[in-house]
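Observations on the model geometry
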Amino acid sequence: QVQLVESGGGLVRTGASLILSCAVSGRTLKYYPMGWFRQAPGKEREFVAAINWNGDNTYYSDSVKGRFTISRDNAKNTVTLQMNSLKHEDTAVYYCAADHSGVEGRREVYEYLDWGQGTQVTVSS
C-alpha cells in the first residue's frame, strides 16, 4: 500500500509562489504516474497536473499551465508542485495522487488509486 503525505500549503497573497511537496512511502514511487488535484469549497475535485514515471512528460490543466510546474525525484520518493503567480481562484485543498495503471497523463479522479490527506492553499486577493 502506498502512503502519500502532502505539505507546503499556506496563506499567501495574490501573485506569490508556493511549493507543495508529496512524500511517498510504503512502496517505491518509481513506476507510478503521479498527479496533483485540488478541491475548492463547494466544488468537485479537479485535475491540476500530472507527470509520467520518469518525469519526462508533464500535463497541466489550462487554468494552471504556464504558472505551475510538476516535478518528481524518484530517488527521494517525492513529487513537487511549484506554484507561481498564484490567483485567488487557486484557493483549494491540494491533493497528491498515485496512478497504478502506468498510463501517463490521466486527468480523472477515479483513475488514481492512492491519495494523500491534502494541504490547504489560500490565496488572498
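To keep things clear, this report deals only with the structure shown in the data block.

What counts, and where the lines are drawn
Residues numbered from 1 in each chain as written. Predicted model: local features only at pLDDT ≥ 70, side-chain atom pairs only at ≥ 80, totals over all residues. Heavy atoms only, no water. Pairing = 2+ DSSP bridges. Helix = DSSP H or I, 4+ residues; strand = E, 2+ residues; numbered from the N terminus. Axes fitted to C-alpha atoms, helices over the stretch in contact; angles between N-to-C directions. Phe/Tyr/Trp six-rings, centres within 6.5 Å; stacked < 30°, edge-to-face > 60°. Buried < 20%, exposed > 50% of the residue type's maximum accessible area, 1.4 Å probe, protein only.

1. Quick look at the sheet that holds strand β3 (residues 18-25)
Spatially, the four strands line up as an open sheet ordered β1-β3-β8-β7, and their pairing is antiparallel. A strand with exactly one partner marks an edge of an open sheet, and here the two such strands are β1 (3-7) and β7 (68-73). Direction aside, the axes of adjacent strands within the sheet are offset by 15 degrees on average. Sheet topology places β7 next to strand β8 (residues 78-83); six bridges connect them, and they run antiparallel. Considered in β8, the bridge of Arg72 is made with Val79.

2. Overview of the packing of aromatic side chains
For the coordinates displayed, the defined rule picks out six aromatic pairs. Relative to Trp53, the ring of Tyr31 lies with its centre 6.1 Å away and its plane at 25 degrees, an arrangement referred to as stacked. Of the two residues, Tyr31 sits in the loop between β3 and β4 (34-39) while Trp53 sits in the loop between β5 (46-51) and β6 (58-60), which places them 22 residues apart along the sequence. Residue classification places Trp53 among the partly exposed residues on the basis of a relative accessible area of 37%. Joined through ring pairs, the aromatic side chains of Phe37, Phe47, Tyr95, Tyr112 and Trp115 make up one cluster.

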